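Chain and residue survey
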Amino acid sequence: MTGDAATGRQLTYTCQGCHGVEGYRNIYPHYHVPMIGGQSPEYLVNALHEYKRGTRRHPTMQAQAQSFTDQDIADIAAFLSELSK
Ligand code: HEC
């Protein structure tokens, strides 16, 4: 499934408060929130599917992932993985 980075940018708007995607900085340095910008698309797709299926447990991330279709996840991964370039 090919992701569309432009759509992914819109879908990740709500992620930035926690993940600090814009500019790669974690705006809450006292919380452990993994960096997601610049990861490989496969890594991001896998992580989001694991939350969606419930094989990886975290209430917030499961809620986020469950609201996405497979296409949404591909789009998100396409956008986030481009941030390192
Ligand atoms: C309320 C805060 C919050 C929001 C909003 C949030 N996340 Fe997360 N995210 C976290 C935390 C905390 C973790 C680490 C959870 C764990 O230990 O499994 C995480 C983990 C992840 C991971 C796994 C990273 C890794 O290296 O294993 C991905 C991918 C991810 N989030 C993507 C997103 C996306 C995409 C969005 C927006 C749609 C989003 N997150 C919104 C807090 C948040």
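These numbers were taken from a predicted model, which means no experiment stands behind them.

All right, on to helix α4 (residues 59–66) then. Inspection of α4 places Met 61, Gln 62 and Ala 65 among the buried residues, and these make up the whole buried set. Burial along α4 is one-sided: seen end-on, the buried residues are contained in an arc of 100°. Facing away from the buried side of α4, by more than 90 degrees, are the exposed residues Pro 59 and Ala 63. Buried residues in α4 make contact with α2 (16–19) and α3 (41–53).

Approximately 540 Å³ is the volume attributed to the largest pocket. What lines the largest pocket is a set of 24 residues, and nearest its centre among them are His 19, Pro 34, Ile 36, Tyr 51 and Met 61. Elements supplying a minimum of two residues to the lining of the largest pocket: α2, α3, α4 and α5 (70–82). Residue contributions to the lining of the largest pocket peak at five residues, all from α3. The class makeup of the residues in the lining of the largest pocket is 15 nonpolar, seven polar and two charged.

Next up on the list: the coordination of the iron atom of the ligand. Protein ligation of the iron atom of the ligand involves His 19 (NE2) and Met 61 (SD), the donor distances falling in the range 1.9 to 2.1 Å. Its relative accessible area of 13% is what places His 19 among the buried residues. The buried category is assigned to Met 61, whose relative accessible area is 17%.

As a further point, take the packing of α3 against α4. One can describe the packing of α3 onto α4 by two numbers: an axis separation of 8 Å at closest approach and a directional angle of 100°. Considering the angle they form, α3 stands roughly perpendicular to α4. Residues Leu 48, Tyr 51 and Lys 52 of α3 form the contact with α4, whose own contacting residues are Met 61, Gln 62, Ala 65 and Gln 66. Classifying every residue of the contact of α3 with α4 by side-chain character gives four nonpolar, two polar and one charged.

Core analysis: the largest hydrophobic core is formed by 15 residues, its most contacted members being Leu 44, Leu 48, Ile 76, Phe 79 and Leu 80. Breaking this core down by element, the ones donating at least two residues are α3, α4 and α5. It is α5 that contributes the most residues to this core, six residues altogether. Aside from chain neighbours lying at most four places away, what touches Leu 44 is Ile 36, Gln 39, Ala 77, Leu 80 and Ser 81.

The rules behind each value
- Residues numbered from 1 in each chain as written.
- Predicted model: local features only at pLDDT ≥ 70, side-chain atom pairs only at ≥ 80, totals over all residues.
- Heavy atoms only, no water.
- Buried < 20%, exposed > 50% of the residue type's maximum accessible area, 1.4 Å probe, protein only.
- Helix = DSSP H or I, 4+ residues; strand = E, 2+ residues; numbered from the N terminus.
- Arc of directions from axis to C-beta.
- Contact = heavy atoms within 4.5 Å.
- 1 Å grid on protein atoms, 1.4 Å probe; cavity = no way out; pocket = protein on both sides within 12 Å on 5 of 7 lines; lining within 4 Å.
- Points joined across faces, edges and corners; volume = space filled by probe spheres on them.
- Nonpolar A, V, L, I, M, F, W, Y, C, P; charged D, E, K, R; others polar.
- Donors = N, O, S within 2.8 Å, 3.2 Å for Na, K, Ca; no water.
- Axes fitted to C-alpha atoms, helices over the stretch in contact; angles between N-to-C directions.
- Parallel < 35°, antiparallel > 145°, perpendicular 65-115°, else oblique.
- Core = buried A, V, L, I, M, F, W, Y, C linked by side-chain atoms within 4.5 Å.

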